[in-house]
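# Survey of secondary and tertiary structure
Here's the letter readout for the chains.
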Amino acid sequence: MGTPRDAGMRLVMLGAPGAGKGTQADRLAVRYGIPHVSTGDLFRANLSQGTALGQTAQRFMSQGQLVPDEVTEAMAWERLNAGDAETGYILDGFPRNVAQAQHFESKLVLAQQSLRAVVHIYVEPVVLERRLTGRRTCPGCKASYHVVFNPPALAGICDACGAELVQRDDDRPETVKKRLEVYMDETAPLVNYYSERGLLVMVDGNWPVDNVTDAILARLEGDRGHD
Ligand code: AMP
């Protein structure tokens, strides 16, 4: 895919909600000096700013459903064309179904750009549910915690900025179940889609965060290793 001159570091993180895409995307973004673009975060930012887009998205997000493709695709493509994403980006939460992947691919082809790889982080379903319902996030600096696996020093308070941690509305048990179903039905087919295109890098996400980062870097950078 793409032209030989296209050296952009464009990565897609693929995996179920709770697989650790956001955490790993943050680390990769720092390593490569490129932005972490999360469509979920973009929707949440719109919601907190009270935009029309945010209000539309909220109707779907609160039910664990996907926001309609046209809305999501336009928002994602605009963000990916911002100046800071010129040399690459770590895309998290998009594409989320085959239609979005096809649309994204056609946009990339037109722009003479290509994806470097699609990192699929695989985690056992029972672990996903536990991770999501125990997740707490900082509304200030976006740091992510888990009440059991990664608690803050002081319960309910962000270690990094002192803000009070919250549970995302869609991390409540009823919505988590729906999000995992939607993932299996709509997003999981992307594993085959990208495998057929020779882009898929599979990583076992059941391990602790540092091990998963090491595994991703080993796959992306091969023998060059990582520090
Ligand atoms: P996330 O933070 O990635 O778990 O996304 C939270 C919610 O935002 C999802 O459950 C969807 O409602 C919505 N969302 C995020 N990315 C997409 C996308 N690519 N397509 C449709 N809806 C999305």
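The numbers attached to residues start from 1 for each chain and follow its sequence in the written order. A pLDDT threshold of at least 70 governs which residues receive local features in this predicted model, and a stricter bar of 80 or more applies before side-chain atom pairs are shown or counted, although totals over entire chains, interfaces and linings include all residues. With hydrogens and water set aside, each side-chain value is computed from the structure's full complement of heavy atoms.

## Brief notes about the pattern of salt bridges
Salt bridge, as used here, is a side-chain nitrogen of Lys or Arg placed within 4 Å of a carboxyl oxygen of Asp or Glu. Here the structure, examined in full by the defined rule, presents twelve salt bridges. Between arginine 44 and aspartate 41 there is a salt bridge whose closest N-O contact spans 2.9 Å. In this pair, arginine 44 and aspartate 41 both sit in helix α2 (residues 39-48), three residues apart, roughly one turn of the helix. Several salt bridges converge on common partners, so that one network encompasses Arg135, Arg168, Asp170, Asp171 and Arg179. In DSSP terms, a helix is any run of H or I states spanning at least four residues, a strand is any run of E spanning at least two, and both are numbered starting from the N terminus.

## Quick look at the pairing of strand β3 (residues 88-92)
Side-chain direction in a regular strand flips from residue to residue, so the side chains alternate between the two faces of the sheet. Burial classes: relative accessible area under 20% of the type maximum marks a residue as buried, over 50% as exposed, and values in between as partly exposed (1.4 Å probe, protein chains only). Among the five residues in β3, five count as buried, and that is most of the element. Side chains of β3 alternate between two faces, with Gly88, Ile90 and Asp92 and Tyr89 and Leu91 buried alike. Only strands joined by at least two bridges in the DSSP assignment are considered to pair. Sheet topology places strand β1 (residues 9-14) next to β3; five bridges connect them, and they run parallel. Residue pairing across strands places valine 12 opposite leucine 91, the latter belonging to β3.

## Some details on the site of the ligand
A cutoff of 4 Å decides nearness: a residue is near a molecule or strand if any of its heavy atoms lies inside that distance of it. Near the ligand lie 16 residues; those nearest to it are Thr39, Arg44, Gln65, Gly93 and Gln100. As used in this structure description, the phrase polar contact means that two N or O atoms lie within 3.5 Å; if the pair is within protein, one of them must be able to donate a hydrogen and the other to accept it, and residues adjacent in sequence are counted only when both atoms belong to side chains. A distance of 2.8 Å is found between a nitrogen atom of the ligand and a side-chain nitrogen or oxygen belonging to threonine 39. Valine 67 is positioned with one of its backbone polar atoms (N or O) 3.0 Å from a nitrogen atom of the ligand. Note that accessible areas follow from Shrake-Rupley with a 1.4 Å probe, and for residues the cover is restricted to the protein chains shown. Taken by itself the ligand offers 480 Å² of open surface, and the protein chains cover 96% of this. At four residues, the largest contribution of residues to the shell around the ligand is made by α2. Under the scheme applied here, ten amino acids are nonpolar (Ala, Val, Leu, Ile, Met, Phe, Trp, Tyr, Cys and Pro), four are charged (Asp, Glu, Lys and Arg), and all others, including Gly, are polar. Taken together, the residues of the shell around the ligand sort by class into five nonpolar, six polar and five charged.

## So, the sheet that holds strand β4 (residues 117-122)
The five strands lie next to each other as β2-β3-β1-β4-β7, forming an open sheet whose pairing is parallel. Here the strands that pair on one side only, and so sit at the sheet edges, are β2 (36-38) and β7 (200-204). Strand-to-strand, the axes of this sheet are offset by a mean angle of 25°, without reference to chain direction. Sheet strands touched by α2: β2 and β3. Its angle to β2, the strand with the most contacts, is close to 65°. Each of β1, β4 and β7 touches helix α8 (residues 189-196); the most contacted strand, β7, lies at about 130° to it. Geometry is summarised by axes, namely lines fitted to C-alpha atoms with helices restricted to the contacting stretch, and by angles between N-to-C directions that run from 0 to 180 degrees. Between two residues, a contact is recorded if the distance between any of their heavy atoms is within 4.5 Å.

## Thoughts on the environment of histidine 146
As for its placement among the helices and strands, histidine 146 is situated in strand β6 (residues 144-146). In the structure, histidine 146 is positioned eleven residues away from arginine 135 in sequence and 4.5 Å away in space, judged by C-alpha atoms. Setting aside residues up to four positions removed in sequence, histidine 146 forms contacts with Arg130, Arg131, Gly134, Arg135 and Pro151. At 3.0 Å, the side chain of histidine 146 forms a polar contact with the backbone oxygen of arginine 130.

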